[in-house]
Amino acid sequence: MTLSSLALALVVLLACTTQALAGFGSTVVCMTLAALWLPIPWLLPIIVALNVPFSAWLVWQQRRVIAWPLLRREILPLMVIGAAAGALCAPLLMQATMLRPLYGALIIALSVLDLWRLRRARAWHAPGPLRTAMIAGSGFVQGLYASGGPLLAAAMSGSGLNKSGLRATMLVVWLTLNSGLTAWFVATGRFSAGMAQTAAWLLPVSFLGLWIGSRLHDRVDERQFRLAMDLLLLFAGAALLFE
């Protein structure tokens, strides 16, 4: 195993532990940290495909608290439209020299947004039109960079769902969108056999992260963990932006 492969496995482990603790963030953490030394066009299809079985397992475990009416009525239609637009725009950006700096700027913005949410004593309720735009924007970012989690979490913070219901409902979104994106990558030739092999050997690592996160869930303060991850992503985003 090369040093790069070992580093990628450690990033996947951290990312999937984050997902189990916070309910979102696996693809954001994976993409941001691994993009420091790996090309985004190669990395993106692997991370998206890796997230599918991981999310499917969590959805099955938490299926009883999923807010299906909210998903069907509002979240999934907007997210699917946004993700389709992002996936169609992605090939244009993948060829741009500004790809990594643009992604770094996005991660900085998302980290600052989550830090702002953590500082508020009460949940922030986005007004109707802004909430709609944020959900669709989250879908666009997911289709473009597979990093729509923080924006959707901010949009849904005033939905009235408890923490378990919100986490389970968002997992259905990632399972749906990432399954569609994986099929799109295969159909457009962006997901090679070598990428599939990389995703396959990383799959046990992702489930190990899930196990670690579930064991730490009641022992680690989620707010402090999110604060640490936001700061880590903030610095990583700055490294991508100013490299």
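Residues numbered from 1 in each chain as written. Predicted model: local features only at pLDDT ≥ 70, side-chain atom pairs only at ≥ 80, totals over all residues. Heavy atoms only, no water.

1. Looking at the overall build of the protein
Here's step 1: A tally of helices and strands in the protein yields ten helices and zero strands.
Here's step 2: Starting at the N terminus and walking to the C terminus, you meet the elements of the protein as α-α-α-α-α-α-α-α-α-α.
Here's step 3: Taken against the 2.2 N^0.38 rule, which gives 18 Å for 243 residues, the C-alpha radius of gyration of the protein at 17 Å falls within 12% of a compact globule.
Here's step 4: Over its C-alpha atoms, taken along the principal directions, the protein stretches across nearly 45 × 40 × 35 Å. (Helix = DSSP H or I, 4+ residues; strand = E, 2+ residues; numbered from the N terminus. Rg over C-alpha atoms; globule rule 2.2 N^0.38 Å.)

2. Considering the environment of Pro-127
Here's step 1: One can find Pro-127 in the loop between helix H5 (99–119) and helix H6 (128–145).
Here's step 2: On the accessibility criterion, Pro-127 (48% relative accessible area) is partly exposed. (Buried < 20%, exposed > 50% of the residue type's maximum accessible area, 1.4 Å probe, protein only.)

3. Overview of the nonpolar core
Nonpolar side chains tend to gather and get buried jointly when the protein is soluble and globular.
Here's step 1: Ranked by size, the top nonpolar core spans 77 residues in total, and within it Val-12, Ile-75, Met-79, Tyr-103, Leu-152 and Val-173 carry the most contacts.
Here's step 2: Ranked by the residues each element gives to this core, the list is headed by helix H3 (residues 40–61), at eleven residues.
Here's step 3: Discounting chain neighbours no more than four positions away, the residues touching Ile-75 are Leu-70, Ile-135, Leu-152, Met-156, Thr-169 and Val-173. (Core = buried A, V, L, I, M, F, W, Y, C linked by side-chain atoms within 4.5 Å. Contact = heavy atoms within 4.5 Å.)

4. Let's talk about empty space enclosed by the protein
Here's step 1: Per the stated rule, a full pass over the model turns up three cavities of 30 Å³ or more.
Here's step 2: Estimates place the volume of the second largest cavity at around 70 Å³.
Here's step 3: Lining the second largest cavity, in full, are Val-12, Cys-16, Ser-26, Thr-27, Cys-30, Ile-47, Leu-50, Asn-51, Phe-54 and Ser-206.
Here's step 4: Within the residue set of the lining of the second largest cavity, elements represented by two or more residues are helix H1 (3–22), helix H2 (26–34) and H3.
Here's step 5: Top element by residues in the lining of the second largest cavity is H3. It accounts for four residues. (1 Å grid on protein atoms, 1.4 Å probe; cavity = no way out; pocket = protein on both sides within 12 Å on 5 of 7 lines; lining within 4 Å. Points joined across faces, edges and corners; volume = space filled by probe spheres on them.)

5. Structural notes on the pattern of salt bridges
Here's step 1: Following the criterion strictly, the structure yields one salt bridge and no others.
Here's step 2: With a shortest N-O distance of 2.8 Å, Glu-74 and Arg-131 are connected by a salt bridge. Taken together, the residues span a long stretch of sequence, with Glu-74 in helix H4 (residues 68–94) and Arg-131 in helix H6 at a distance of 57 residues. (Salt bridge = Lys/Arg side-chain N within 4 Å of Asp/Glu carboxyl O.)

6. Quick word on a nonpolar patch on the surface
Here's step 1: Together, Leu-3, Leu-6 and Leu-10 give the surface a local cluster of nonpolar side chains, amounting to about 330 Å² of exposed area.
Here's step 2: You can see Leu-3 is positioned in helix H1. (Patch = residues over 30% accessible without salt bridge, like charges linked within 9 Å, V, L, I, M, F, W, Y side chains within 5 Å. Areas by Shrake-Rupley, 256 points an atom, 1.4 Å probe, with all protein chains shown as cover.)

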